[in-house]
Structure formats: C-alpha cells, structure tokens
Amino acid sequence: MARIFAYIVHKGGIADDSAAELVAAARKIDSAATPTAVITGWGADLDAVCETLRASYSEVWKIANEAPAYPNAELIRQALVKVVPSGGIVLVPHAHFGIDLSPGLSIKLNSAYVSDVLGIDGIDGDWLKVVRQEFGGQVSAHVRCDVSSGAVINIRPGAFKPQDGTPANGVVVDKSAEVGTLAAGRRYLETVVAEAGDVDITKHAVLVSVGRGIQEKDNIAIAEELADVLGAAVSCSRPVVDAKWLPKSRQVGSSGQTVKPKVYMACGISGSFQHLAGLKGNPFIVAINKNPKAPIFQVAEVGIVTDMLEFLPELTNKIREAKGAAV
Amino acid sequence: MEILVCVRRVPDTSENEIQLNSAGNDIERDDLVYSVNEPDNYAVEEALQIAAKAGGNVTVVTVGGDDDEEVLRREMAMGANQGVLLSDKVFDGSDGKGIATILKAFVQKNKYDLILTGIQAEDGGAQVGGMLAALLDYPFASLVNSIEILDGKKLKVGREIEGGNREMNEIDLPCVLSIQTGINEPRYVGMRGIRQVASVEIPTCGASDLGVAAGTVGEAGAKVKRTDYFVPAFGKGAEILQGSQEEIIDKLIELMKAKGGMN
C-alpha cells in the first residue's frame, strides 16, 4: 500500500479543520492507513501546529522555511517535490491554496490528480475509486484514478467527518534540511482585506438570499421588499456579485461571508458547496427554485418548486396582510 | 503582449437541467444547450482589455472536435484575433493532464507572454491551467480576480481567497493564470458579431502537427477516468410544499413563524 501524506493548511498557529478530515479520508483509502502530516511554515506558529498535530498523526514532517512563511503554493510545491517519495499519495484540502498547489504538484511528482473529491470507495488494484460532483452538484460521478505512480487528491472541506481515535502521540520529523533554498517566479506581496459593506449580513437572524434566478438587477427590489416585511437583510450567491447586482459584502460562501441566521431563504440559488460552506449554525433553510434537481433541495428543510420572481411578491403581500391584521 | 486563452465548450447549466440518461451511465446529452464555459468568457474579456492597453494579439484555443469551433467563433466575435482548434482522434478521452499536454505542445510551437484559462469547467477539476504551467515551467496563479501590468516582464495579480479577501502577488512573464468569474464584465456578443466571423477560417492542428505522442494523451494516457454518473441518495432532502400557491404561502408563513423567521 502506498504511503499517504496529508498537507496541513494552517494559520496563526492553528491547524485548519481539514487537518483532521484528511485523516478520515486516508482511512477511506486504506482502513489501516497511518497518514503522515506534511507542514510548511516558519517560526513559533509552525511549532505550535506541529505540536497539536501529534495527537492525530503518528508522524509529522516539518518543513521550516522562511520563504513560504506566507503559504505561496509555487514555493511549497518545490518543497513537497523534494520530500514526497515516488508513489506517495498526497491529500490536500480543496480550497484556494489546494487549487493553486495541486495540479502543478501532480505534474512535478509525475502522478495522477483528482480534484474536489467528496467520497472514496477504496482501492481496486492500482485504481483508487472516488466520487466527485459535476455541473454544480446536479449529478455525481464515480471516477477511477491510477495511483500506481502516486497521486495528488484534493479533498472537499467538510466532506469527511473526523473520527475519534486513540491519540497518535506522533513524532515530529524535521525535513527542513532536505528542502534547501526556495525561489519562484511568483512573490506574495500583501493581503487586501475585504471592505465592510452597507449591511452586515452576518448579524441578521433572517436572510432573503438571491442567486442566478433573480435574472436581472431590477429584480433585486423584489427581494428587498420581502426582506423589509420580514425585518431581514438581502444576501446573495456568487453569480449576483459577478454580475455586479449586489456588492461582494452581501455574498454568502467560502469566498464571501460566513453567516449564521436562524432562517435562510435561498431564492433562485442552486446550492453549490462553495455557497453552502458560508452557511453555519444549522439554519432553517427554505429553498425556492424552478429546477427540482437543484442541489439546494438536498439540504433545505422546506422546498418550493416555482419561479421566485412570481412567488416572492405574493409572499410579501400575504405577510404584509397578516401583519396588518395582527396590529 | 501575445496572449493565449484556453476555452472550452460545455453544457450550459443555466439553460439545462442536467439529468441521468436512461442507462444511468452518463448524463442525458440529447437536446443539451452548449455554450462557452462561463469563466472562460471572463478570461477572454480580460485578455482583450490587456491587449487594448499593452498592444498585441489574443488567440483563443480549444481541444475538441468540429462542434467546438462555435465557441472559438463566439470568442472571436468578442474580439479575439484568431482561433485555433486542436483536434485529433487520439486526443479523445484525455484527462486533465492529457489536455494540458496537448496545450503545452501548442504553446511551444508559438510564443505567448501570457496564457489564461477559466478557473474551472462545469464538468472539470480546476486543473488544466496549473498543469500547463508546471509542464512549461512557467509561474502560475489560480483564482485570479485582478491583473495589473507592471512592466513588460511582470504583472501584479490578485487572487480570491477566503472571506472576500484578496491575496496580491507579483508574477513574472511568461506565466499562466486561471481567471475567476467577476474579474470584469464580459462584453455582449450580438448576432451581428457572430455573423462577421462566421466564415473566418479556423486552423486545425492534430497530434502530428503538434508533435504529441499518442500514448501520452487521450484514453491511452489517461490516469483519471470517469466510470459513470449517478444521483446520490442524500438524507431526506427538503419537504416540497404542495398545493395551490396560496396554500403553499400559508404553510410557509406558519413554518417561518415557528422558526423565528418573522418578527
């Protein structure tokens, strides 16, 4: 069985949730697997993360290097190529860093690459069997990957639940000397923090959230009116921001805001995992969508298969009437 | 600046419900509406804006068959100077690395300062750009949502990271960038524009033109293969409210009240 490695994403001395999820994913490949954590970074933050990883990994390969103190995938790829043995299977969380790192890493390791894996059905000879989603999650696909010369597998965050286990009490192995100097044609400059918006959607208990189904900018008013009668705020999914119909600060999702409402009305939103990643705290989700196959119906409590542009104004009127009667 | 943009023709998910075929091994492909992969339009728009500022040409390229010519023409109607179709029987069944290998061969036959791709295809893995860069030993950045030309040798690029934050990088040319949606507003293409490029000849290159060895691409070279499509059984899913619109609204209002959605 090939040796399995887990690339650890971390920030401010704390390992990302994916660190534990990758152990669970490794055990789906091989139930007896004891994956090796590989981590790059610098200084006290790096040492702090290594220490916590000892609980879940029997071996932690530490690569201390000042060059990628900020995680520049171009530099880290070079470091990994130097330490990962041929035939190794490398698991990486599929987020902005993994998307940057893994395709090129697989080329340099001369191994196979599968992105955004959310299920693993085990190994059959040289072929690892995994599950992906395509077309925005409307259908899933079984995919086979020849791992005979190793593989880089990007794992969807949240798809594998960490398991309780006996503490691994692992050892930290310093691999820094094997890596040497790193330099790349891409240099990190700074991180520009998102501007605060006119409305803070993270503070609202009820969100009327609109997606591609809103169809045009003028229709945003339909959602605003419903939000007004509900005492809610209007949020949105990515296509609405891409079209410049609402500012970025209103976007729910992994590249937008993380929200924790009590009630989330997803109107004309298909429900991609990047969108759902921004939805925490187990809200009551109402999905309104014309397409009965939209993935949002898999996670919603209540669904209405209809055109939101007709439905929302009616709903707004009814609520207004009901409120009027109650006064 | 000579710019290459790699594009793809995909089923348009805003126009189609994607469903399984009756055999359950593929999606139902009859009557599908195809269009340019959405992020690729942003990549072409960005290339056109850079060429307008810095001078030079924009070439669009795709790997596929005769049906794929239409997406090249659409991007030429946007303003790309030329389109090239990379087509050969031995390319069929290529995985991401196979496509990147074909594109690498094309890039090496020509000279480009900047290569753009869309971040991801509807049925793809956000992988070809990063693989192409590694095969060419060019620097790479993914999820790019801003580009500024620093001089003839460098760009300043922003990457979309978590929480709406933007990671700024300096990157040497030539390089490969995968473009995130929202970086610009792709220009509208009307029927008139399409008609103007309808009869422009689109050159086609095959494996021998590119010097691509058959075993390294296509089904034969693929280490990653899709076995079938399926629709997974998810938990219980949503309770779909039934009845007249009025009944549905009444029911929904009751539920919203119970869950604290009405104050």
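Residues numbered from 1 in each chain as written. Chains lettered and ligands numbered in written order. Predicted model: local features only at pLDDT ≥ 70, side-chain atom pairs only at ≥ 80, totals over all residues.

What's the story with the overall build of chain B in this structure? I'm lost.
Across its full length, chain B carries eight helices and 13 strands. When its C-alpha atoms are laid out on the principal axes, chain B stretches across 65 × 45 × 40 Å. Within the span of chain B, comprising 263 residues, buried residues form 48% of the whole. (Helix = DSSP H or I, 4+ residues; strand = E, 2+ residues; numbered from the N terminus. Buried ≥ 20, exposed ≤ 12 C-beta atoms within 10 Å, placed from the backbone.)

Would you take a moment to explain the packing of helix H3 (residues 73-83) of chain A against helix H4 (residues 96-108) of chain A for this structure?
Packed helices, taken two at a time, are described by their axes: the angle between them and the distance between them. All names here are of chain A. Where H3 meets H4, the closest approach of the two axes is 9 Å, and the angle between their N-to-C directions is 40°. In terms of axis orientation, H3 runs oblique to H4. The way H3 lies across H4 gives a crossing that is right-handed. For the pair H3 and H4, contact is made by Ala73, Ile76, Arg77, Leu80 and Val81 and by Phe97, Asp100, Leu101, Gly104, Leu105 and Lys108, respectively. (Axes fitted to C-alpha atoms, helices over the stretch in contact; angles between N-to-C directions. Parallel < 35°, antiparallel > 145°, perpendicular 65-115°, else oblique. Left-handed = near helix turned anticlockwise from the far one by under 90°. Contact = placed C-beta atoms within 7 Å.)

How do you make sense of the interface of chain A and chain B when you look at a structure like this?
Much of the literature gives interface size as the accessible area that the parts lose upon coming together. Listed by partner, the interface residues are 70 residues for chain A and 69 residues for chain B. At eight residues, strand S10 (residues 139-146) of chain A tops the list of elements feeding residues into the side of chain A that touches chain B. For the side of chain A that touches chain B, a count of residues per class yields 33 nonpolar, 18 polar and 19 charged. In the sheet, strand S18 (residues 302-305) of chain A pairs with strand S13 (residues 239-240) of chain B via two bridges, with the strands oriented parallel. Note that in S13 of chain B the partner of Val302 of chain A across the bridge is Glu239 of chain B. (Nonpolar A, V, L, I, M, F, W, Y, C, P; charged D, E, K, R; others polar. Pairing = 2+ DSSP bridges.)

I keep staring at the sheet that holds S13 of chain B and nothing clicks. Help me out?
What links the strands of a sheet is backbone hydrogen bonding, and the strands pair in either a parallel or an antiparallel sense. Here we have six strands laid out as an open sheet, ordered S15(A)-S14(A)-S16(A)-S17(A)-S18(A)-S13(B), and parallel in their pairing. Each of the sheet's edge strands pairs with one partner strand only, and the pair in question is strand S15 (233-236) of chain A together with S13 of chain B. Two elements, strand S14 (residues 206-210) of chain A and strand S16 (residues 263-267) of chain A, share five bridges in a ladder whose sense is parallel. Following the sheet pairing, Ser209 of chain A is matched in S16 of chain A by Ala266 of chain A.

Can you help me understand the pairing of strand S1 (residues 4-7) of chain A in this one?
A regular strand places its side chains so that they alternate between the two faces of the sheet. Residue and element names in this part refer to chain A. Here S1 shows no split at all, with Ile4 and Ala6 on one side and Phe5 and Tyr7 on the other all buried. In the sheet, S1 pairs with strand S4 (residues 36-41) via three bridges, with the strands oriented parallel. Of the residues in S4, the one forming a bridge with Phe5 is Thr36.

Can you help me understand the sheet that holds S10 of chain A in this one?
Strands sit in the order S8(A)-S9(A)-S10(A)-S12(B) across an open sheet of four strands; the sheet is antiparallel. The sheet is open, and its two edges are formed by strand S8 (119-124) of chain A together with strand S12 (224-230) of chain B, each paired on a single side. Averaged over all neighbouring strand pairs, the angle between strand axes comes to 25°, with direction disregarded. Here six bridges tie S10 of chain A to S12 of chain B, and the two strands are oriented antiparallel to one another. Considered in S12 of chain B, the bridge of Ser140 of chain A is made with Phe230 of chain B.

When you look at the environment of Ile89 of chain A in this model, what are you seeing that I'm missing?
All names here are of chain A. With respect to the helices and strands, the residue Ile89 is situated in strand S6 (residues 89-93). The class for Ile89 is buried, based on 26 C-beta atoms found within 10 Å. Discounting residues that sit within four places of it in the chain, Ile89 has contacts with Ala2, Ile4, Phe5, Ile29, Val147, Gly150, Ala151 and Ile153.

Help me understand the domain arrangement of chain A, please; the structure alone is not making it clear to me.
Residue and element names in this part refer to chain A. When cut into domains, chain A gives domain 1 (4-179) and domain 2 (201-326). On a C-alpha basis, the centres of domain 1 and domain 2 stand 35 Å from each other. Every contact between the two is made by seven residues of domain 1 and, on the other side, eight residues of domain 2. (Domains from an automatic or database assignment.)

Sorry, what's going on with the nonpolar core here?
Generally speaking, soluble globular proteins have nonpolar side chains that are buried together. One finds Ile3, Val5, Val44, Ala47, Ile102, Leu116 and Leu132 of chain B to be the most contacted residues of the largest nonpolar core, which totals 66 residues. In terms of nonpolar packing, the next biggest core, distinct from the first, is built from 60 residues, Ala20, Ala95, Leu101 and Phe160 of chain A among them. (Core = buried A, V, L, I, M, F, W, Y, C linked by C-beta atoms within 7 Å.)

Would you take a moment to explain helix H2 (residues 69-78) of chain B for this structure?
Because an α-helix completes one turn every 3.6 residues, residues spaced three or four positions apart along the sequence face the same direction. Residues and elements named next belong to chain B. Of all ten residues in H2, eight are buried, a share of seventy percent or more. For H2, the set of buried residues is Val71, Leu72, Arg73, Arg74, Glu75, Met76, Ala77 and Met78. Residues of H2 that are buried sit in contact with strand S2 (9-11), strand S3 (34-36), helix H1 (38-54), strand S4 (58-63), strand S5 (82-86) and helix H5 (191-196).

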